[in-house]
Amino acid sequence: MFIRRRAFCLVLASVAVCQLVLAVLYLTRSSGYTFRASDSTARAVDSDSRQQVGDGVPQVPLTPVLNQSTNTLMQLYARRYSKMTVKAEHLPTKACPAVFHNGSPACWMPGCNASFPPLPQRLQRVLQTQHPITEEQKSVIHNMAHHPDPVDVAFVTAASANHFGESQGLIKSLEKLVFPEMRRQGQWTFRLFYYDLGLEKGQLNKLKKFCNCTVLPFPFSRLPPSFQKLRTCIWKPLVIKAHLSSSRFTVWMDASTRLTTSNISDILHQADQLGIFAVRNNYMTMMHVHPFMTSYFQIEPCYLASLYETAGGFLAFNNDVFVHTAILDPWVACAFSPRCLCPTNGTENCESLVHCENRGRGYFRCHRFDQSGLGIILVLLFDRKVTHMTHRLHHNTKSPWFTFRRDDQVKYFP
């Protein structure tokens, strides 16, 4: 019967459609398949069903059981994957050197024989290799962005006292360029949300008085102490997850972001079609990923050697079940794990991992926390097709829509 199904698939005009059908059939005919999910958040399997491997990171056996919700999720995944192509111009053309240095560009690693598993196994791995999140923690995330009036586009940023001036530059570019154009078009409802990560009292008062935005406190006291390590940005996945549930699109912007165009329709269009809009820099992904993280996601480091690093300063997400369940939920779970976004062996401060070091030939130079985790999730799901959804940052700072100006202190408020 499966041979007949395959023959039927071969007559389809589109190879992409054929791949979609085969992926769903693969799941349907696998009687042992299950994914555990609850309240749109994939949950890790019970600890007694895990196997300990390597450095002690739990590994989940690939033995799922199909249910209706995951069948739908797989169809969404395969359909989205089939629409994507590999953009060769976003892949490195040079082999890796004998010795890496800080700032070395992406390269391909000779002798890497690793290959990506079939789509169903990839999805299962992303869903089931997750650190468990308690119901109380889920409630904290849900209540972070509670607002009586949902919007089409939620613009979200955050800052502590030392980045208050940077954030004024962001607000200025939004209020002078983007928001007037969105009002003129009349197509979207929108709102700017600003998270207080430790502003001084005078800064907070000025923000509430002069910024046409909703100011929200980040709930540090209700979360593990690791979330107070601001430099790691492990709080960022939680903020994005919270707001995407009450908006059609959520656009995250670091305080150093400066919008340079009034029309962001291209960004929203890509997020609508692919689920996410992202940019990439010119560094090799594996130079900035801690070994604990690759072990957590059960991915071979050389998978990532030939792919450029996903940047975390500007992101746009579409509110759909695949983005929530297969991208944001694993990213949020990674934030809670002591061996993922903020990895530690119990003695070191993970914030120190931000400093890059030369270590001879090898991958790990330093760690990029939130963007390292998101980058691995996207590579696991979309392999080299991730180049279809990431746009190049020129000189690691500029795109056609925005630029990053770190340490650019702006006095926009009176």
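Residues numbered from 1 in each chain as written. Predicted model: local features only at pLDDT ≥ 70, side-chain atom pairs only at ≥ 80, totals over all residues. Heavy atoms only, no water.

### Regarding the nonpolar core
Thought 1: Counting 75 residues, the largest nonpolar core has Phe-218, Leu-238, Phe-297, Phe-317, Leu-381 and Phe-382 as its most contacted members.
Thought 2: Per-element tally for this core: the top contributor is helix H11 (residues 321-336), with 11 residues.
Thought 3: The residues touching Phe-218, leaving out its near neighbours within four places in the chain, are Met-144, Tyr-195, Asp-196, Leu-197, Leu-223, Phe-227, Trp-235, Leu-238 and Val-239.
Thought 4: Core analysis: the second largest hydrophobic core is formed by 39 residues, Ala-159, Phe-164, Val-215 and Leu-393 among them. (Core = buried A, V, L, I, M, F, W, Y, C linked by side-chain atoms within 4.5 Å. Buried < 20%, exposed > 50% of the residue type's maximum accessible area, 1.4 Å probe, protein only. Helix = DSSP H or I, 4+ residues; strand = E, 2+ residues; numbered from the N terminus. Contact = heavy atoms within 4.5 Å.)

### Re the pairing of strand E6 (residues 190-196)
Consecutive side chains along a regular strand alternate between the two faces of the sheet.
Thought 1: Across the seven residues of E6, six count as buried, placing the element largely inside the fold.
Thought 2: Relative to E6, strand E5 (residues 151-159) runs parallel, the two being bridged by seven bridges. Bridge pairing links Phe-155 to Leu-192 in E6.
Thought 3: Here E6 runs beside strand E7 (residues 214-217); their pairing, made up of four bridges, is parallel. The partner of Asp-196 across the bridge, within E7, is Pro-217. (Pairing = 2+ DSSP bridges.)

### Thoughts on the environment of Ile-267
Thought 1: Along the chain, the position of Ile-267 falls in helix H9 (residues 265-274).
Thought 2: Linking Ile-267 and Leu-315, residues 48 residues apart in sequence, is a C-alpha distance of 9.1 Å.
Thought 3: Beyond its immediate chain neighbours, meaning those up to four positions away, Ile-267 contacts Phe-277, Phe-314, Ala-316 and Trp-401.

### Topic: the pattern of salt bridges
Thought 1: Inspection of the entire model under this criterion finds eight salt bridges.
Thought 2: With a shortest N-O distance of 3.5 Å, Asp-272 and Arg-248 are connected by a salt bridge. Of the two residues, Asp-272 sits in helix H9 while Arg-248 sits in strand E8 (residues 247-253), which places them 24 residues apart along the sequence.
Thought 3: By relative accessible area, Asp-272 is classed as partly exposed at 29%.
Thought 4: Close ionic contact of Asp-408 with Arg-258 constitutes a salt bridge, the shortest N to O distance being 3.4 Å. With a gap of 150 residues between them, Asp-408 in the segment after strand E14 (402-404) and Arg-258 in strand E9 (residues 257-259) connect regions that are remote in the sequence. (Salt bridge = Lys/Arg side-chain N within 4 Å of Asp/Glu carboxyl O.)

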